[in-house]
Amino acid sequence: MTFSTAPAVLQLSGAAFAYGADVALDGVTLTVHAGEALALIGPNGSGKSTFLKGVLGILPLTAGTLQIFGTDRTADTARSLGYLPQSDEVDPEFPVSLEQVVLMGRYRRLGWWRLPARADRAAAAEALRVTGLTALAKTRFGLLSGGQQQRGLLARALAANPRMLLLDEPFNGLDQPNRDALVETIRELKSHGVAVLITTHDLVLARDVCDTVLLVNGTQIAFGTLADVLTLENLQAAFSGVQVEVDEHTVVLPGHDGH
Amino acid sequence: MSVTMQDSTPPLPAAKRGSLPSRVWQVVSCNNRAICITTAVVAVVGTVLALSGCAAPVPSASTKLAVVATTTQVADFSRQIAGTTATVTGLVQANQSVHGFDPSAKNLLDLAAADVLVTSGVDLEAWLKDAIDASGFKGTVIDASTGITLIDNDPHLWTNPANATLMVQNIAAGFAAAAPEQADAFQTNAVAYETQLNALDGWISANVEQVPLAERLLVTNHDAFTYFYDAYDITFVGSIIPSLDDNAEPSAAELDRLIAAIKTTGAKAVFSEASLSPKLAQTIAQEAGVAVYSGEDALYSDSLGAAGSAGATYISATIHNVTVLMDSWGYELLPLPATLSL
Amino acid sequence: MTVLDSLTSAFALPFMGRALMVLLVLSVAAGVIGVFINLRGLEFLSDGLTHAVFPGIAAGFVVGGRDGLYVGALIAAIAAAIVLTLLANRKVSSDATIAIVLTAMFSLGVIFVSRSSDFSGQLESLLFGHLLTVTATEVVITSVVAVVALLLMVVTFRGQLFLAFDRSAAHAAGYRPVVLNLTLNVAIALVVVAASSAVGNLLVLAVLIVPGAVARLAAGRLSLLFVISAGFAMLASWIGLAAAFGLSVSADVAIPGGATVVLVFVLGYLVVLGWRAVRPISSRSGPLRSSDSRASREPVDNHA
């Protein structure tokens, strides 16, 4: 499948992101088109979350260029991005219901004075439907299971009708049924033209869902299709000195079967 | 994929999209309990405010002059002058600090009901203006310090019995002006009291004159006795808290200076004050190698003693002070004149 | 003077009415802000701000008397809020930073007071307030400052909520954590300033913290938290003031007004705590039982 006819939603060239003086990731050059899914792969601390935060604008761009939806970042850019952070940053005791959490995705549209209108509640309800959580809307968020919370945060990201989704380790802590559900959801979003950036350790799921891969280890090692990127040589460069969980399903190049 | 949607919010009434009533209704129904509790709280507050508009506590009517006095000293003077002809209520109680006094509700009610307020003056009561404003006091203020010569704006006027006499005269005049029908009674009481104060003054002079000038040394807790030194030619060696206020903390340099002064002048004692903690005095006395007068032997300065103690009245407090002072100097105390025998 | 009199007709007295007015206004502002303090665990930061404002109060009082107090306090409040917000962004433990700023500022305040005029007896008034002798001007100033603090929270409400729940997502959505933190800190500092005449610098912390804590114990729903917090504060203020009045007038026990109110706040908290211990919050909303919270048992057929 090629997406060269779809518009580019994300273009980076020689981009670098830093925490203060420490450059966490540099040399990033890639393009993502509408409806495409990009997998970010690399060892812990390699800059995967940094990449997402850089695209979101949480971290500053210290070198190179970054264009989102064809232009430089504007005040409106954040409204078209949906973000699913790693869910261990969420306080389970917080007295909000799932529905209220999902509605938070609409907050920026509401400003400070408007009450949620029908359109906002409808968007939240739709997001809950897509993630299969409608029945739990009134439950306190902290009482949901890990997988349900994950999906709930995804619903929050979806409630704003984003054109690009950024998912940080979305498959962590999910059991198989929930993983399958998430994969389905991502596929549906892609079919609607939403671009998806996913950081993951799971090469199987990356292969199932994603069209391109960015391999990083403090700097960009490779970008391209799975076949191009996931070569033994690239993986050794990325994961040098780090134990990689490899099973017979990884490092499968098109036309080759296991080893 | 068939999902049963659970609609837990009540259906919106048919109204134009985005119209205000429908949006308000949305808020009301979604936050039912919040609104209920808010309403309840508002109702309670409203009831309180409404009921408060009803009968306010009414002070009991009385034909006697109602006097409120600030400090224990002027309260004592006021009582001596008032006798049974007027009621006197004190604000600051024995051993309470005059400087950091926070009036209670009862104080404010007493003040509101008072005809006359007696103050010690010289800005001793910094809280007084607010207390007057808060209570709605509409009577006359008698400043007992009127016409008295000040030394360095020190408010501890009463320590000199001659000043005490002037204060009594001011208070008596004020009472007479406020309640002319009882002026005679006040005058009689005042004159009798002044006689006692004169006798006190004479007795103190006679006692102090026994002591050679070089030995009339006094070290106190804070600068409360300026007028006393001045009246009887006593040398002030220094005070532990070199301030007119009892609340400060002395610096190390100040303490060193004091200890040196004690040693140089040959002062034999350090005096603590009845309303203050004796710890500082004890420490200094130990450092300087002199005696410390604290606890029952402490001086009465800012405050008279509690009822039943040795310093419950101005005269008894002053007699006590002179007694311990003479003891520290090592000279015999002369017997009290007849008018002062308690 | 019956108990009922203390609770109702006593407030017809001007000084009681003014005291109640001040407390009610403070209750609403501190009640709302207190919920955010509780949700984000900012109790120690609030303590830091309370102490950091003190030198401003002291300096303002020394320079300009009772009226100068507010000017000095406002300057110190804004400065302290800015400093603490910026310092929180560094990698040093924020508790250590707060403790250092807190103690340094408070010592500065004590030095100001001690080097001032001879009548430093006003220190107690600054620390513990003078609830019963608040002037009409002070009621106005307190109300204005408290309302400004409340408005700051209302205008940033959604952002504050989002930030409290999930910082990185809020940042990703376009909210700026530094601005929101600064706003919250300034709001806290303003309440400290507003409350300094009523309950004094030391006791304002109770007014900020207790209502939020009570609300959290009593309710599991966000919308209720703010209402209960402010409502509890108002109720406890009323009862505390009435108690100070009643005890003083009937039993001649002179307890300072501010301290009595704070004591009622704390007693109220203990009552709610005891009630909650007997009747724990269960999962009141939704079909999921609390015992299943960590098991992933939901069948996953409800998706597109």
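Coordinates for the structure precede this section.
### Things to note about the overall build of chain C
Okay, step 1: Within chain C one finds 12 helices and zero strands.
Okay, step 2: Counting from the amino terminus, helix and strand elements in chain C follow one another as α-α-α-α-α-α-α-α-α-α-α-α.
Okay, step 3: Taking the contacts inside chain C whose residues are at least 6 apart along the sequence as the reference set, 79% of them involve residues at least 24 apart.
Okay, step 4: Accessible surface for chain C amounts to roughly 11600 Å². Of this, 70% is attributable to carbon and sulfur atoms.

### Describing the overall build of chain B
Okay, step 1: When you go through chain B residue by residue, the secondary structure sums to 11 helices and eight strands.
Okay, step 2: A burial count over chain B gives 47% of its 342 residues as buried.
Okay, step 3: In chain B, of all internal contacts separated by at least 6 residues, the share reaching a separation of at least 24 is 64%.
Okay, step 4: Surface exposure of chain B reaches about 15700 Å², of which carbon and sulfur atoms provide 56%.

### Describing the packing of helix α9 (residues 177–195) of chain C against helix α10 (residues 200–218) of chain C
Residues and elements named next belong to chain C.
Okay, step 1: Packing of α9 against α10 brings their axes to within 9 Å, and their N-to-C directions diverge by 125 degrees. On the basis of their axis angle, the class for α9 and α10 is oblique. Handedness of the crossing formed by α9 with α10: right-handed. Along the contact surface, α9 presents I188, V191, V192 and A195, while α10 presents G200, N201, V204 and L208.
Okay, step 2: Looking at the contact of α9 with α10 residue by residue, the class counts come to six nonpolar, two polar and no charged.

### Details of the sheet that holds strand β1 (residues 8–19) of chain A
All names here are of chain A.
Okay, step 1: In spatial order, the strands read β2-β1-β4; together these three strands make up an open sheet with antiparallel pairing. Taken across any chain shown, the strands that pair with only one partner, and hence form the sheet edges, are β2 (22–33) and β4 (61–68). In this sheet, neighbouring strand axes are inclined to one another by 10 degrees on average, regardless of whether the strands run parallel or antiparallel.
Okay, step 2: Examined bridge by bridge, β1 and β4 share six bridges and lie antiparallel to one another. Looking at the pairing, Q11 lines up with Q67 of β4.
Okay, step 3: Where helix α1 (residues 48–56) meets the sheet, it contacts β1, β2 and β4, and its direction lies at approximately 115 degrees from that of β1.

### Here we look at the nonpolar core
Okay, step 1: Counting residues in each nonpolar core, the largest one holds 230 residues, and the members touching the most others are F77 and F175 of chain B together with F15 and I33 of chain C.
Okay, step 2: Sorting elements by how many residues they give to this core places helix α2 (residues 14–39) of chain C first, with 17 residues.

### Side note on the side chain of S97 of chain A
Okay, step 1: Here S97 of chain A shows up in the loop between β5 (81–84) and α2 (98–104).
Okay, step 2: Dropping the residues within four chain positions of it, S97 of chain A is found in contact with A137, K138, T139, R140 and F141 of chain A.

### Describing the interface of chain A and chain C
Okay, step 1: Across the boundary between the two partners, chain A contributes 49 residues, which contact 36 residues of chain C.
Okay, step 2: One salt bridge in this structure joins D166 of chain C and R156 of chain A, with 2.7 Å as the shortest N-O distance.
Okay, step 3: There are seven residue pairs in polar contact (both at pLDDT 80 or more) connecting chain A and chain C.
Okay, step 4: Among the elements of the structure, α2, α3 (107–110), α4 (118–130), α5 (146–159) and α6 (176–191) of chain A are those that each provide at least two residues to the side of chain A that touches chain C.
Okay, step 5: For the side of chain A that touches chain C, the element with the highest residue contribution is α5 of chain A, accounting for six residues.
Okay, step 6: Here the residues of the side of chain A that touches chain C sort into 26 nonpolar, 10 polar and 13 charged.

### Points about α9 of chain C
Okay, step 1: Here α9 of chain C is 19 residues long and its end C-alpha atoms lie 27 Å apart, about the 27 Å a rise of 1.5 Å per residue gives.
Okay, step 2: In terms of burial, α9 of chain C is a largely internal element, 16 of the 19 residues being buried.

### Section: the side chain of T72 of chain B
Okay, step 1: Locating T72 of chain B in the fold gives a position in helix α3 (residues 72–82).
Okay, step 2: A distance of 3.0 Å separates the side chain of T72 of chain B from the backbone nitrogen of L304 of chain B, its partner in a polar contact.

### So, a nonpolar patch on the surface
Okay, step 1: Residues W112 and W113 of chain A together with V147, L151, V154 and V155 of chain C make up a contiguous nonpolar surface patch of about 590 Å² in total accessible area.
Okay, step 2: Here V147 of chain C shows up in helix α6 (residues 136–155).
Okay, step 3: Since its relative accessible area comes to 42%, V147 of chain C is described here as partly exposed.

### Topic: the packing of helix α4 (residues 105–113) of chain B against helix α11 (residues 222–251) of chain C
Okay, step 1: Direction vectors running N to C along α4 of chain B and α11 of chain C enclose 65 degrees, while the axes themselves pass 7 Å from each other. Contact residues: A105, K106 and L109 of chain B in α4 of chain B; F245, S248 and V249 of chain C in α11 of chain C.

### Quick word on the pairing of strand β5 (residues 217–222) of chain B
Okay, step 1: When you tally the buried positions in β5 of chain B, you get six out of six residues, the bulk of the element.
Okay, step 2: Crossover connection from β5 of chain B via helix α8 (residues 226–232) of chain B to parallel strand β6 (residues 235–241) of chain B: handedness right-handed.

Cut-offs used in this document
- Residues numbered from 1 in each chain as written.
- Chains lettered and ligands numbered in written order.
- Predicted model: local features only at pLDDT ≥ 70, side-chain atom pairs only at ≥ 80, totals over all residues.
- Heavy atoms only, no water.
- Helix = DSSP H or I, 4+ residues; strand = E, 2+ residues; numbered from the N terminus.
- Contact = heavy atoms within 4.5 Å.
- Areas by Shrake-Rupley, 256 points an atom, 1.4 Å probe, with all protein chains shown as cover.
- Buried < 20%, exposed > 50% of the residue type's maximum accessible area, 1.4 Å probe, protein only.
- Axes fitted to C-alpha atoms, helices over the stretch in contact; angles between N-to-C directions.
- Parallel < 35°, antiparallel > 145°, perpendicular 65-115°, else oblique.
- Left-handed = near helix turned anticlockwise from the far one by under 90°.
- Nonpolar A, V, L, I, M, F, W, Y, C, P; charged D, E, K, R; others polar.
- Pairing = 2+ DSSP bridges.
- Core = buried A, V, L, I, M, F, W, Y, C linked by side-chain atoms within 4.5 Å.
- Salt bridge = Lys/Arg side-chain N within 4 Å of Asp/Glu carboxyl O.
- Polar contact = N/O pair within 3.5 Å; in protein donor to acceptor, adjacent residues only side chain to side chain.
- Expected span 1.5 Å × (residues − 1).
- Patch = residues over 30% accessible without salt bridge, like charges linked within 9 Å, V, L, I, M, F, W, Y side chains within 5 Å.
- Right-handed = clockwise from strand over helix to strand, strands pointing away.

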